[in-house]
Amino acid sequence: MADPKGFLKYARAEAPKRPVDERLGDWHEVYAALSSEDRNEQVSTQAARCMDCGIPFCHSGSSGCPLGNLIPEWNNMVRRGQWEAASDRLHATNNFPEFTGKLCPAPCEAGCVLAISPEAGGAVAIKRVEETIAEVSWENDYVTPRAPEEHTGKRVAVVGSGPAGLAAAQQLTRAGHEVTVYERDDRIGGLLRYGIPEFKMEKSVLDRRLAQMRDEGTKFITGCEVGADLTVEDLRAGYDAVVLAVGALRGRDDTTIPGRELGGVHLAMEHLVPANKEVEGDGPSPISAEGKHVIILGGGDTGADCYGTATRQGALSVTQLDNYPQPPTERDDDLSPWPTWPYILRTYPAHQEAGERKFAVAIESFVGDEDGNVRAVRLRQVQVRRDENGRRQVVPVSDEVEELPCDLALLAIGFEGVEHMPLLGGLGIELTKRGTIGSGSNWETTAPGVFVCGDAHRGASLVVWAIAEGRSVAHAVDTHLMGTSELPNPVHPTALPLAV
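Since the model is a prediction, treat every value here as computed from it, not as a measurement.

### Re the overall build of the protein
Part 1 of the argument: Per the secondary structure count, the protein includes 17 helices and 15 strands.
Part 2 of the argument: The C-alpha radius of gyration computed for the protein amounts to 23 Å, which stays within 12% of the reference 23 Å derived for 500 residues, consistent with globular compactness.
Part 3 of the argument: When its C-alpha atoms are laid out on the principal axes, the protein stretches across 70 × 65 × 50 Å.
Part 4 of the argument: The buried share of the protein, taken over its 500 residues, is 52%.
Part 5 of the argument: Summed over all atoms, the accessible surface of the protein reaches about 21,700 Å², with 49% contributed by carbon and sulfur.
Part 6 of the argument: For the protein, the distance from the average position of its 49 positive side-chain charges to the average position of its 73 negative side-chain charges is 3 Å.

Here is the structure:
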């Protein structure tokens, strides 16, 4: 059993980071390299803080991990140095623990019993333990291809190669189906490849997992826009089932801001994608922050990704703007009681490197120069309110205007849903009011034999929810093709995280 007093003996400790000057000089991950011995010893100590609660909220689908990761079990294995057993237990519920260990904001930690009170020393460092199990697994060849023993003769097309599509593809391949993943970009990975900066996850981490999938039998086709390059008729004729994992990449814009049309004002992904392609070796990005004053509108993950990318490109200054007031540094039980996702100030490594953040402000207008390019932004203090219909309103609360220099403005204000694409029209699928693709209780869309998962179904969400939906849709497709399925089914299409 676990040590019930481990959290009293050991303090929570995050993974050490490289010095700021060093990591700003390259695109490598921000964390310091440790010897395997030191890393494993440190993480075993962190795992010992887990008390194996009677009711483990950390892997509750509503308040913790939607994958149902058996966190107390592999924490105890790591505490005892049983790394191979921990790897088996972790991979039983998560196809890609290295992705979630690096990228997931860890709702499991928010649901940890030790997160109830600061006096407990903070949640178990579950995310750090998970990532280390994954790395130990690769280092010791615990990760091997799991090709199916028998083939069903059924063919499945997966459209989109983000985490949801990859999870669905791996599960269906292992069930014995012939699976082909279609990706319109030139490389596999979706947002894992071109949306996530290298300093958060080096793409070699993605590539080694793709190599495992290829060895298991999954096929990949890049540079193919399904619905155009591959017609809907050919798709239907060639496959027994189709999985749509096309993401929700239609970026939210705000064309009401005066000056939005000026040169140098872009949506966030217009900056991140070419920056990631440059790191892949595809040549200089056409939208670089080098030598520029950068303004980022939006306080979420995408804004932080733009922030860290701009500083590494050599920005003169970086300022991130948020309409909302600065959140508290500790959980306020009146706003977000445990075990809900806490409303707190989230500081990413990028914020510790350079630049500044401004809260409760909004852009009144972009100011242009004589050549039609942005040269400054005008800011006003604001308050976010809801009107009588519940619609969000950003209301100025001061007449004072602050002007900041700006040569590059990036709008990281979220996503509106699935992009409009010929594939949907060809399949006869209409988007919901939320801009997503709806499904029935078995993940099937209004087009027979066509299923949906990930952000395309849920809207822009977390990598852990994408993997969970990919695994669940694989169960649904396998059942559709074979009448029954032994694949895991961690979440229902209507499942939502616990929130206030």
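### A word on the UniProt feature "domain: FAD/NAD(P)-binding" (unreviewed entry) in the protein
Part 1 of the argument: Here the UniProt feature "domain: FAD/NAD(P)-binding" (unreviewed entry) sits at residues 155–470.
Part 2 of the argument: The annotated region residues 155–470 carries 25% helix and 26% strand content, and the separation between its end C-alpha atoms amounts to 17 Å.

### Side note on the packing of aromatic side chains
Part 1 of the argument: Taken as a whole, this structure holds four aromatic pairs when the rule is applied.
Part 2 of the argument: When the centroid spacing of 6.5 Å and the interplanar angle of 25° are considered together, the rings of Trp 27 and Phe 199 count as stacked. Placement of Trp 27 in the loop between helix 2 (20–23) and helix 3 (36–47) and of Phe 199 in the loop between helix 10 (191–194) and helix 11 (203–216) is noted, with a sequence separation of 172 residues between them.
Part 3 of the argument: The partly exposed category is assigned to Trp 27, whose relative accessible area is 25%.
Part 4 of the argument: Positioned over the ring face of Tyr 239 is Arg 155, at 4.5 Å from the centre of the ring.

### Quick notes on the packing of helix 4 (residues 71–79) against helix 8 (residues 126–139)
Part 1 of the argument: Running from N to C, helix 4 and helix 8 cross one another at 65°; their axes reach a closest spacing of 11 Å. Taken together, helix 4 and helix 8 sit at an angle that is classed as roughly perpendicular. The element helix 4 and its partner helix 8 pack so that their crossing is left-handed. Each of Ile 71, Trp 74, Asn 75 and Val 78 in helix 4 lies in contact with helix 8, whose residues at this interface are Ile 126, Val 129, Glu 130 and Ile 133.
Part 2 of the argument: Here the contact of helix 4 with helix 8 is composed, by residue class, of six nonpolar, one polar and one charged.

### Looking at a nonpolar patch on the surface
Part 1 of the argument: On the surface, a cluster of nonpolar side chains totalling about 280 Å² of accessible area is made up of Tyr 324, Leu 335 and Tyr 343.
Part 2 of the argument: Of note, Tyr 324 is situated in the loop between strand 8 (317–322) and strand 9 (356–359).
Part 3 of the argument: By relative accessible area, Tyr 324 is classed as partly exposed at 35%.

### Here we look at helix 14 (residues 301–313)
Part 1 of the argument: Here helix 14 spans 18 Å end to end across 13 residues, near enough to the 18 Å set by a 1.5 Å rise per residue.
Part 2 of the argument: Most of helix 14 sits out of view: eleven of its 13 residues are buried.
Part 3 of the argument: What helix 14 keeps buried is the set Gly 303, Ala 304, Asp 305, Cys 306, Tyr 307, Gly 308, Thr 309, Ala 310, Thr 311, Arg 312 and Gln 313.
Part 4 of the argument: Two residues or fewer after helix 14 comes Gly 314, characterised by a positive phi angle close to 95°.

### What to know about the environment of His 457
Part 1 of the argument: Checked against the element boundaries, His 457 lands in helix 16 (residues 455–458).
Part 2 of the argument: Residue class for His 457 comes out buried when judged on its relative accessible area of 10%.
Part 3 of the argument: For the pair His 457 and Ile 437, spaced 20 residues apart in sequence, the C-alpha separation works out to 5.0 Å.
Part 4 of the argument: Sequence-distant contacts of His 457, defined by excluding residues within four places in its chain, comprise Arg 434, Thr 436, Ile 437, Ser 439, Trp 443, Val 452, Glu 469 and Pro 493.
Part 5 of the argument: A polar side-chain atom of His 457 sits 3.1 Å from a polar atom in the side chain of Glu 469.

### Section: the UniProt feature "domain: Dihydroprymidine dehydrogenase" (unreviewed entry) in the protein
Part 1 of the argument: Following the UniProt record, one finds the feature "domain: Dihydroprymidine dehydrogenase" (unreviewed entry) at residues 36–140.
Part 2 of the argument: Taken end to end, residues 36–140 has its terminal C-alpha atoms 11 Å apart, with 52% of it in helix and 0% in strand.

Here is what the cut-offs are and how they apply
- Residues numbered from 1 in each chain as written.
- Predicted model: local features only at pLDDT ≥ 70, side-chain atom pairs only at ≥ 80, totals over all residues.
- Heavy atoms only, no water.
- Helix = DSSP H or I, 4+ residues; strand = E, 2+ residues; numbered from the N terminus.
- Rg over C-alpha atoms; globule rule 2.2 N^0.38 Å.
- Buried < 20%, exposed > 50% of the residue type's maximum accessible area, 1.4 Å probe, protein only.
- Areas by Shrake-Rupley, 256 points an atom, 1.4 Å probe, with all protein chains shown as cover.
- Lys, Arg positive; Asp, Glu negative; His and termini not counted.
- Charge placed at Lys NZ, Arg CZ, Asp CG, Glu CD.
- UniProt positions renumbered as here; feature names shortened; annotations may be inferred.
- Phe/Tyr/Trp six-rings, centres within 6.5 Å; stacked < 30°, edge-to-face > 60°.
- Lys NZ or Arg CZ within 6 Å of the ring centre and 35° of its normal.
- Axes fitted to C-alpha atoms, helices over the stretch in contact; angles between N-to-C directions.
- Parallel < 35°, antiparallel > 145°, perpendicular 65-115°, else oblique.
- Left-handed = near helix turned anticlockwise from the far one by under 90°.
- Contact = heavy atoms within 4.5 Å.
- Nonpolar A, V, L, I, M, F, W, Y, C, P; charged D, E, K, R; others polar.
- Patch = residues over 30% accessible without salt bridge, like charges linked within 9 Å, V, L, I, M, F, W, Y side chains within 5 Å.
- Salt bridge = Lys/Arg side-chain N within 4 Å of Asp/Glu carboxyl O.
- Expected span 1.5 Å × (residues − 1).
- Polar contact = N/O pair within 3.5 Å; in protein donor to acceptor, adjacent residues only side chain to side chain.

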